[in-house]
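Each chain is listed here by its residues.
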Amino acid sequence: PKYLNLTKNEKQLLDELRGDPKLRFMKPDKGGGMAVVNNVDYNNKIFCMLQDETRYECVSRNEINISFRKIRLLLEDSLYQGAINEEMFNFLNIDQPTIPIAF
């Protein structure tokens, strides 16, 4: 990778850190740059966030499939009734949705 704004020593240190399997390198949520976090700390934080039942709910794959079918039927009905055109239908309809995963 190119390190346009790093000194030679900083580049060397970054390369050494990249070889450490205990560390995780990610793009930050906001702004540029890079976030370097300890894998154990990161995994613990994600696990704690997912355990917050006020924000997340565990659902089955079947529940997800039912929801996608309902969305598809609503889109088809909207297309049939002229509420949306075919271009909009194709944009909104996802044939094979991808279930998100934490990285």
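Residues numbered from 1 in each chain as written. Predicted model: local features only at pLDDT ≥ 70, side-chain atom pairs only at ≥ 80, totals over all residues. Heavy atoms only, no water.

Caption draft 1: View of helix 3 (residues 61-80). With 20 residues, helix 3 ought to run about 28 Å at 1.5 Å a step, and its terminal C-alpha atoms sit 29 Å apart, in line with that. Gly82 lies just past helix 3 and shows a positive phi near 85°. (Helix = DSSP H or I, 4+ residues; strand = E, 2+ residues; numbered from the N terminus. Expected span 1.5 Å × (residues − 1).)

Caption draft 2: Layout of the environment of Leu75. Topologically, Leu75 is positioned in helix 3. Counting along the chain gives 28 residues from Leu75 to Phe47, while the straight-line C-alpha distance between them is 35 Å. Here Leu75 is in contact with Ile84, Phe89, Leu92 and Asn93, once residues within four sequence places are set aside. (Contact = heavy atoms within 4.5 Å.)

Caption draft 3: Layout of the packing of aromatic side chains. Under the criterion given, the structure shown has zero aromatic pairs. It is Arg18 that lies over the ring of Phe25; its NZ or CZ is 5.2 Å from the centre. (Phe/Tyr/Trp six-rings, centres within 6.5 Å; stacked < 30°, edge-to-face > 60°. Lys NZ or Arg CZ within 6 Å of the ring centre and 35° of its normal.)

Caption draft 4: View of the side chain of Asn39. Among the structural elements, Asn39 can be located in helix 2 (residues 39-50). A polar atom in the side chain of Asn39 sits 3.0 Å from the side chain of Arg24. Those residues in contact with Asn39 that sit more than four places away from it in its chain are Pro21, Lys22, Leu23 and Arg24. (Polar contact = N/O pair within 3.5 Å; in protein donor to acceptor, adjacent residues only side chain to side chain.)

Caption draft 5: Main features of helix 2. End to end, helix 2 covers 16 Å across 12 residues, agreeing with the expected 16 Å (1.5 Å per residue, within 8%). Two or three places before Val40, at the opening of helix 2, Asn38 has a side-chain oxygen 2.8 Å from that residue's backbone nitrogen.

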